[in-house]
Amino acid sequence: MSFVPEHAVKAWISEFGVAVPNGVTVPAGGDVEAAAGRLTPPLVVKAYGPGLLHKSDAGAVRLGLGSAAGAAEAAAEMLGRLTDAEGILVEEQSAPGVEVIIGAVRDPAFGPVLLVGLGGVWTEVLHDTALRLLPITEHDAYDMLAELRGQALLDGFRGKPGIDRAALVKTMLSVGEALATREFAEFELNPVICSPTGAVAVDARLIEPAPAGRSEGTSRAGIVPPLQEETHEAANPKVTFDALFAPRAIAVVGASTKRPNFGNMFLGFYQQVFKGELYAVHPTAAEIDGVPCVPSLAEADVDYALVAVPAGQCAEVLSQAAGIPFVQVMSGGFRETGDDAAEAALKAAIPEGTRLLGPNCMGVYSPAGGQTFIGGKAGSSGRISVVSQSGGLAGEVIKVGEARGLRYARVATVGNSLDVSPAELLTFFAGDDETSAIGLYLEDPRDGRALYEALGASGKPVVALIGGRSDQGRAAAASHTGGMISDGRVWQALARQTGLSIVTSQDDLIGVLDFFDLHGGRTVPDDRDVLVIGPSGGASVLAADVFDAAGLLLGALPETATAPLKALGLGAGTSIANPLEIPVGPRGNPTLVSTAVQEILEHRPYADVVTHVNVQSFFTYGDSVEPLLAYVAAVGALQAAVPSTRITLVTRNGECAPAGVEEQVRATARAAGVPVYRNMEAAAVAISAGKTSIWSR
């Protein structure tokens with residue numbers, strides 16, 4: 001690492017409009033008193049040198065000095081004590097104000113990340129900060145400040161005036177502009193003193209990469225490409241994945257004539273679903289399991305080849321794939337096991353014009369194209385597409401999702417993403433007419449900057465489940481900023497900037513995809529309000545807690561709806577409020593909920609309505625499934641009647657129903673465009689995703 005002296009950092013950032021104190025520098029042995037005489041007390045004296053990164057800890061800062069002579073005396077004491085000191089910085093001391101930190105680090109996956117938070121001791125004690133990927137917009141800057149738990153300090157407290165937020169936002173934008181022009185590892189202004197009249201950076205720190213990482217002749221202020229790495233998209237702007245998901249012909253490498261293995265398993269899968277030409281690759285056999293053989297990939301006239309041989313043989317096999325658009329290496333034993341050399345050899349073996357999926361991945365699923373990596377009959381084709389770095393999890397998302405009624409267009413597992421990246425597939429899905437909603441499971445995005453750009457341009461709702469978001473023990477950072485940025489926080493920043501929805505479980509990933517699939521085409525009011533309606537006061541109270549925790553609002557019912565609701569018989573013994581308690585059961589009117597909701601919507605629009613039902617009550621106090629199905633049908637009719645509202649059904653205690661009833665309920669509701677969840681928590685996650693996705697941007 002290379003540490004730039006504070007005065008040099010301040011001189012640089014001031015060129016971009018960041019306000020800094022008036023000051024002078026004096027080399028060791030220079031006349032500090034004469035230099036300080038040109039400044040207005042009180043003064044601040046700081047020593048600078050290569051070992052003085054944390055000046056306060058080293059006793060290299062003195063504040064409140066009343067004269068040039070006092071500054072000279074303090075400087076002499078420091079220079080006599082600090083062996084690393086090369087000189088002295090003397091500045092006019094800024095008036096007190098609210099201290100803020102503005103910092104940045106270069107994240108290994110996503111590139112430059114900006115942080116803002118309460119500065120000074122608050123930085124160390126509270127870690128009250130907000131993050132965004134650079135570059136940021138003015139909207140991003142204001143949104144970051146609003147995200148701070150202690151933002152009330154910025155507005156004024158106990159009679160103190162609020163700060164000039166516009167000046168602080170300008171400083172944040174100026175920092176982003178400056179960092180776009182310079183190599184850096186970490187950057188920090190701490191504190192920036194904010195007042196009603198402006199924002200002044202009184203301390204500045206810039207840490208650059210080690211000199212060995214720079215090209216010869218690059219200066220400290222050397223210009224670098226702004227905020228992005230070279231990606232495969234840039235090299236292949238017109239890449240298409242049509243042949244990946246609907247190949248004309250497929251070859252499987254690795255099937256055995258003697259002992260069944262993964263290659264044989266995939267041949268069996270394809271024999272069930274693939275309608276095109278299918279080949280096995282074997283040096284001597286004429287056929288395997290009834291599939292004709294070719295001796296090598298060089299003789300295979302196919303669009304897609306699946307390689308299931310030991311890791312040590314994969315590079316040689318791949319080198320024979322010239323002319324084949326897509327090759328998938330299922331085999332593991334590469335970077336995921338620490339064998340970077342094997343993965344490098346595999347990359348070097350990719351023929352020009354061939355794209356590699358994997359290694360360490362299961363492959364592709366596309367019912368319309370005959371692609372599969374799971375056994376059994378393929379499901380019906382739908383409009384949901386998924387990219388996953390885990391083949392096993394992708395298989396679960398497919399099978400569990402299809403059991404719940406979801407239908408998939410295209411699913412790709414990418415494993416180590418050596419060549420084909422999640423960002424490329426996301427870009428393809430965004431422009432794919434067959435895809436309306438996108439799911440992601442990611443651990444290492446490989447090219448996070450490209451993913452960020454693809455998400456920002458997607459135009460379609462995207463939900464992601466991220467593995468390994470906790471702090472993974474990064475090397476100790478030299479600045480406060482570096483210590484407060486973790487993988488999880490960067491992903492949340494990415495979500496805020498792009499409209500990506502992030503969930504924390506596989507079940508919620510499926511649930512949000514269900515919501516996106518059924519409600520994606522609706523134009524609804526742009527708000528965070530939810531109307532909750534159903535039986536049981538206790539369930540309604542708990543629902544209010546759940547939706548509040550999800551950041552959703554149970555907006556008050558319009559007063560003008562009170563009389564019509566009472567005319568329906570509601571409110572007897574309960575209040576007319578949101579959540580609205582309404583009798584639903586085996587002996588109740590199945591259309592009452594639908595009537596009440598339409599009455600409310602006549603007086604006030606709600607983007608989302610959650611209608612919940614206690615399934616257990618239908619079979620404790622009744623003996624037929626028909627009243628429950630009649631209620632579900634009425635909810636479906638309600639959705640048809642109010643297309644500008646998203647209706648969601650929660651079937652509480654569904655396990656109390658006889659076998660097969662839950663499936664009937666789900667199928668009936670889904671056919672009407674209504675997603676079904678077994679609890680309020682799952683519904684809240686899905687609705688929150690719907691409100692924060694691309695639809696609301």
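Please read all numbers here as calculations on a predicted model, not as lab measurements.

## Brief notes about the overall build of the protein
In terms of helices and strands, the protein carries 26 helices and 29 strands. Once the C-alpha set of the protein is aligned to its principal axes, its extents read approximately 95 × 80 × 35 Å. Partitioning the contacts of the protein with sequence separation of at least 6, the portion at a separation of at least 24 is 72%. Carbon together with sulfur atoms contributes 53% to the accessible area of the protein, which is approximately 28,300 Å² in total. Across the protein, 50 positive and 77 negative side-chain charges occur, with their mean positions spaced 3 Å apart.

## Digging into the nonpolar core
As a rule of thumb, soluble globular proteins bury nonpolar side chains together. Counting 97 residues, the largest nonpolar core has L244, F245, Y304, Y408, L425 and F547 as the members making the most contacts within it. Looking at which element gives the most residues to this core, the answer is helix α26 (residues 680–692), with seven residues. Excluding residues within four positions of it along the chain, L244 makes contact with Y304, F326, L357, V364, Q371 and L425. Counting 37 residues, the second-largest nonpolar core is a separate cluster that includes L601, V613, V642 and V661.

## Structural notes on the pattern of salt bridges
This structure, assessed with the given rule, holds 33 salt bridges. Between K46 and E6 there is a salt bridge; the shortest N-O distance is 2.8 Å. Here E6 lies in helix α1 (residues 6–14) and K46 lies in strand β3 (residues 43–48), a separation of 40 residues in the sequence. The two residues K46 and E6 agree in class, both being buried. Between R404 and D507 there is a salt bridge, with its nearest N and O atoms 2.4 Å apart. Taken together, the residues span a long stretch of sequence, with R404 in the loop between α14 (391–403) and β21 (408–413) and D507 in helix α19 (residues 506–519) at a distance of 103 residues. Relative accessible area serves as the criterion here: at 24%, R404 is assigned to the partly exposed category. Note on D507: relative accessible area 36%, which makes it partly exposed. In this structure, a network of salt bridges that share partners links the residues E6, K10, K46, K55, E91 and D203.

## Notes on the UniProt feature "domain: CoA-binding" (unreviewed entry) in the protein
Summarizing the sequence annotation, UniProt attributes the feature "domain: CoA-binding" (unreviewed entry) to residues 244–334 in the numbering used throughout. Across residues 244–334, the secondary structure splits into 25% helix and 26% strand, with the terminal C-alpha atoms separated by 23 Å.

## Looking at the pairing of strand β16 (residues 304–307)
Along β16, one buried face is formed by Y304 and L306 and the opposite face, lined by A305 and V307, is buried too. Here four bridges tie strand β12 (residues 249–253) to β16, and the two strands are oriented parallel to one another. By the bridge assignment, V253 is partnered in β16 with V307. Where β16 and strand β17 (residues 326–329) come together, four bridges link them in parallel fashion. Note on β17: the bridge partner recorded for L306 is Q328.

## Focus: the pairing of strand β9 (residues 186–195)
Of all 10 residues in β9, 10 are buried; the element is thus mostly enclosed. Inspection of the sheet shows strand β6 (residues 98–107) paired to β9 by seven bridges, in the antiparallel sense. Note that in β9 the partner of V98 across the bridge is C194. Across four bridges, β9 lies against strand β11 (residues 204–208) in antiparallel orientation.

## With respect to the sheet that holds strand β22 (residues 437–442)
Across a sheet, strands are paired by hydrogen bonds formed along the backbone, either parallel or antiparallel in direction. Pairing in this open sheet of six strands is mixed, and the strands run β19-β21-β20-β22-β23-β24 from one edge to the other. A strand with exactly one partner marks an edge of an open sheet, and here the two such strands are β19 (364–365) and β24 (501–503). One ladder, built from three bridges, connects strand β23 (residues 462–466) with β24; its direction is parallel. By the bridge assignment, V463 is partnered in β24 with S501. Each of β20 (381–388), β21, β22 and β23 is contacted by helix α15 (residues 422–430), which is oriented at about 160 degrees to β20, the strand it contacts most.

## Here's the deal with the side chain of T435
Looking at the secondary structure, you find T435 in the loop between α15 and β22. For T435, the residues in contact, after removing those within four places along its chain, are R383, S385, A409, F429 and K460.

## Structural notes on α1
Of the residues making up α1, those classed as buried are E6, V9, K10, W12 and I13. Seen along its axis, α1 keeps its buried residues to an arc of 165 degrees; they face one direction.

## Things to note about the environment of A204
Locating A204 in the fold gives a position in strand β11. Every residue in contact with A204, bar those within four places of it in the chain, is listed here: E6, V9, K10, E188 and L189.

## Structural notes on the packing of aromatic side chains
Counted under the stated rule, the structure contains 10 aromatic pairs. An angle of 85 degrees between the planes, with centres 5.0 Å apart, marks the rings of F110 and W491 as edge-to-face. Of the two residues, F110 is situated in the loop between β6 and β7 (111–118) and W491 in helix α18 (residues 487–498); the sequence distance between them amounts to 381 residues. The burial state of F110 is the same as that of W491; both residues are buried. Pairing F266 with F269 gives two aromatic rings, centres 5.6 Å apart and planes at 65 degrees, and the pair type is edge-to-face. Placement of both F266 and F269 in helix α11 (residues 262–273) is noted, with a separation of three residues, approximately one turn of the helix.

## As for unusual backbone geometry
A cis amide bond links N190 to the next residue, P191, at an omega of 5 degrees. In this structure, P191 sits in strand β9. Along the chain, G358 connects to P359 via a cis peptide bond; the corresponding omega equals 5 degrees. Even without being glycine, N360 reaches a positive phi, approximately 65 degrees. In the Ramachandran plot, N653 falls in the positive-phi region, its phi being about 60 degrees despite a non-glycine side chain. Its place among the elements puts N653 in the loop between β28 (646–652) and α25 (661–671).

## Let's talk about the confidence of the model for the protein
Per-residue confidence for the protein gives a mean pLDDT of 89, with 91% of residues at or over 70. Ignoring residues within four places in sequence, the model shows residues 213–237, a span with pLDDT below 50, making 42 contacts including any to other chains. Confidence drops under a pLDDT of 50 for residues 472–484, and excluding neighbours within four residues, the segment shows 37 contacts in the predicted structure.

## Re the environment of D242
Following the sequence through the fold, D242 ends up in helix α10 (residues 242–245). On the accessibility criterion, D242 (43% relative accessible area) is partly exposed. For the pair D242 and P112, spaced 130 residues apart in the sequence, the C-alpha separation amounts to 34 Å. At 3.1 Å, the side chain of D242 forms a polar contact with the side chain of T240.

## Concerning the packing of α15 against helix α16 (residues 448–456)
Relative orientation and spacing of two packed helices are given, respectively, by the angle between their axes and the distance between those axes. Orientation of α15 relative to α16, taken along the N-to-C sense of each, is 15 degrees, at an axis distance of 8 Å. What the angle tells us is that α15 and α16 run roughly parallel. Regarding α15 and α16, the two cross each other, and that crossing is left-handed. Each of A423, L426 and T427 in α15 lies in contact with α16, whose residues at this interface are A450, L451, A454 and L455. Considered class by class, the residues forming the contact of α15 with α16 number six nonpolar, one polar and no charged.

Conventions adopted
- Residues numbered from 1 in each chain as written.
- Predicted model: local features only at pLDDT ≥ 70, side-chain atom pairs only at ≥ 80, totals over all residues.
- Heavy atoms only, no water.
- Helix = DSSP H or I, 4+ residues; strand = E, 2+ residues; numbered from the N terminus.
- Contact = heavy atoms within 4.5 Å.
- Areas by Shrake-Rupley, 256 points an atom, 1.4 Å probe, with all protein chains shown as cover.
- Lys, Arg positive; Asp, Glu negative; His and termini not counted.
- Charge placed at Lys NZ, Arg CZ, Asp CG, Glu CD.
- Core = buried A, V, L, I, M, F, W, Y, C linked by side-chain atoms within 4.5 Å.
- Buried < 20%, exposed > 50% of the residue type's maximum accessible area, 1.4 Å probe, protein only.
- Salt bridge = Lys/Arg side-chain N within 4 Å of Asp/Glu carboxyl O.
- UniProt positions renumbered as here; feature names shortened; annotations may be inferred.
- Pairing = 2+ DSSP bridges.
- Axes fitted to C-alpha atoms, helices over the stretch in contact; angles between N-to-C directions.
- Arc of directions from axis to C-beta.
- Phe/Tyr/Trp six-rings, centres within 6.5 Å; stacked < 30°, edge-to-face > 60°.
- pLDDT = per-residue confidence, 0-100.
- Polar contact = N/O pair within 3.5 Å; in protein donor to acceptor, adjacent residues only side chain to side chain.
- Parallel < 35°, antiparallel > 145°, perpendicular 65-115°, else oblique.
- Left-handed = near helix turned anticlockwise from the far one by under 90°.
- Nonpolar A, V, L, I, M, F, W, Y, C, P; charged D, E, K, R; others polar.

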